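Residue-level structural notes
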Amino acid sequence: MEDYIIRATDAKKQIRAFAAVTTHLVDEASKIHRTSPVVSAALGRLLTASAMMGQMLKGEKDLITLQIKGNGPLQGLVVTADMKGNVKGYPYNPVVDLPLNSVGKLDVSGAIGEGTLTVIKDLGLKEPYLGQINLVSGEIAEDLTYYFANSEQTPSAVALGVLVDRDYSIKQAGGFIVQLLPEAEEETIQNLENGLRSISSVTQLLEEGKQPEDILKLLLGDIIIMDKIPTRFYCNCSRERVEKALISIGLKDLREILEQDQKAELKCHFCNKNYIFEDTDLKKIIDDLTR
């Protein structure tokens, strides 16, 4: 099954809903960062959430960034997405080994620990929108549910799942976000609550061959599909972008690098690609800056 996101409403248009399958992009991220299973699960959940939240953006150049910082061994995660289904992210610490939690699952909460979730929306304005909450569980889905309720005043249900295979590859990954609209009737709310109680985990549904559309139908009954968007792990870094970052450190530091190291090596956090600037490259940058 290819990775994609469904954007839909219930038949009464009182609920907006997003559901995604993200197995391939999460697998790619886990291979890029060589993550241990619990880190793959944490990073995959946040990547899936950001992919769906990217569909809540309005402008083509808008970006959303989700950042988790915790006092656990994982330390934190950063992911970013746009409305075109492009998503990228990285863990602060890619290798964390913990025992399974009390219910026999990967201990994402233990890996993250106590901390904060920050949501940054770059909407092309002078200042980005920033919302922050203290983590309520570290399991990520519950934390985002709390974020939507408290920072955006939108009653929501969030489910995220990543199933890691024995060879550390990603067997299944996906999730859903359903949100009540202001005009939602009591009957609609009750039906949604019944739907949420009746379904198993997202990864189990995907293992059974269910697609995002099927998951939303189980939750909401009849649905109206508004859009189907492919999603992928995509990093837009380039040598030109990295060179701009290098220039930003200033002439004095550039000269020190040239004198001491004769080259500069910079790595993109998101995709781990290395960019090397040899002494001739550094001399040209310095010459351009001193003209």
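Just so you know, these numbers come straight off a predicted model, no measurement behind them.

Moving on, we get to helix α7 (residues 212-220). Residues lying three or four places apart along an α-helix face the same way, a consequence of the helix completing one turn every 3.6 residues. Buried within α7 we find Pro 212, Glu 213, Ile 215, Leu 216, Leu 219 and Leu 220. On an axial view of α7, the arc spanned by its buried residues comes to 160 degrees, and they lie on one face. At its buried positions, α7 is contacted by β1 (4-10), β2 (15-21), β9 (170-180), α5 (186-198), α6 (202-207) and β10 (223-230). Looking one or two residues beyond α7, the residue adopting positive phi is Gly 221, at roughly 80 degrees.

Turning our eyes to something else, we now look at the pairing of strand β12 (residues 264-267). Along any regular strand the residues' side chains alternate between the sheet's two faces. Sheet topology note: the β12/strand β13 (residues 274-277) ladder contains 4 bridges and is antiparallel. Note that in β13 the partner of Glu 265 across the bridge is Ile 276. The hairpin turn running from β12 into β13, its antiparallel successor, is 6 residues long, and Asn 272 in that turn takes a positive phi close to 65 degrees.

The calculated volume of the largest pocket comes to roughly 800 Å³. Arg 45, Lys 105, Leu 106, Val 162 and Thr 203 are, among the 32 residues lining the largest pocket, the residues nearest its centre. Elements represented by at least two residues in the lining of the largest pocket include exactly α2 (37-54), α4 (141-151), β8 (156-164), β9 and α6. A class-by-class count of the residues in the lining of the largest pocket yields 17 nonpolar, 7 polar and 8 charged. Counted as a void, the second largest pocket has a volume near 440 Å³. Looking at the second largest pocket, it is lined by 18 residues, and the ones nearest its centre are Leu 63, Thr 80, Asp 82, Lys 88 and Asn 236. If you list the elements that add at least two residues to the lining of the second largest pocket, you get β3 (63-70), β4 (76-82), β5 (86-91) and β6 (115-122).

Mapped onto the elements of the fold, Thr 203 is located in helix α6. Among the residues examined, Thr 203 registers a relative accessible area of 13% and is labelled buried. Non-local contacts of Thr 203, meaning those with residues more than four positions away in its chain, are made with Gly 161, Val 162, Leu 163 and Gln 172.

Grouped together as the largest cluster of nonpolar side chains are 48 residues, with contacts concentrated most on Met 53, Leu 77 and Ile 140. Examining the composition of this core, we find that 11 residues originate from one element, α2, more than from any other. When sequence neighbours within four positions are dropped, the list of residues in contact with Ile 140 reads Ala 42, Arg 45, Leu 46, Ile 68, Leu 77, Val 108, Ile 112 and Leu 160. The next biggest cluster of nonpolar side chains, apart from the first, holds 23 residues, and it includes Ala 8, Ala 159, Ile 215 and Leu 216.

In terms of burial, β1 is a largely internal element, 6 of the 7 residues being buried. Strand direction decides the pairing type here: β1 and β2, joined by 6 bridges, are antiparallel. What sits directly across from Arg 7, in β2, is Phe 18. Counting the residues in the hairpin turn of β1 and β2 gives 4 residues, including Lys 13, whose phi is positive at 60 degrees. In this structure, β1 lies alongside β10, joined through 7 bridges in antiparallel fashion. By the bridge assignment for β10, Ile 5 is matched with Ile 229.

Pairing in this open sheet of 5 strands is antiparallel, and the strands run β8-β9-β2-β1-β10 from one edge to the other. What marks the edges here is a single partner per strand, and that holds for β8 and β10. The average undirected angle you get between the axes of adjacent strands in this sheet is 10 degrees. Relative to β8, α2 is tilted by about 140 degrees, and along the sheet it contacts β1, β2, β8 and β9.

How each quantity is defined
- Residues numbered from 1 in each chain as written.
- Predicted model: local features only at pLDDT ≥ 70, side-chain atom pairs only at ≥ 80, totals over all residues.
- Heavy atoms only, no water.
- Buried < 20%, exposed > 50% of the residue type's maximum accessible area, 1.4 Å probe, protein only.
- Helix = DSSP H or I, 4+ residues; strand = E, 2+ residues; numbered from the N terminus.
- Arc of directions from axis to C-beta.
- Contact = heavy atoms within 4.5 Å.
- Pairing = 2+ DSSP bridges.
- 1 Å grid on protein atoms, 1.4 Å probe; cavity = no way out; pocket = protein on both sides within 12 Å on 5 of 7 lines; lining within 4 Å.
- Points joined across faces, edges and corners; volume = space filled by probe spheres on them.
- Nonpolar A, V, L, I, M, F, W, Y, C, P; charged D, E, K, R; others polar.
- Core = buried A, V, L, I, M, F, W, Y, C linked by side-chain atoms within 4.5 Å.
- Axes fitted to C-alpha atoms, helices over the stretch in contact; angles between N-to-C directions.

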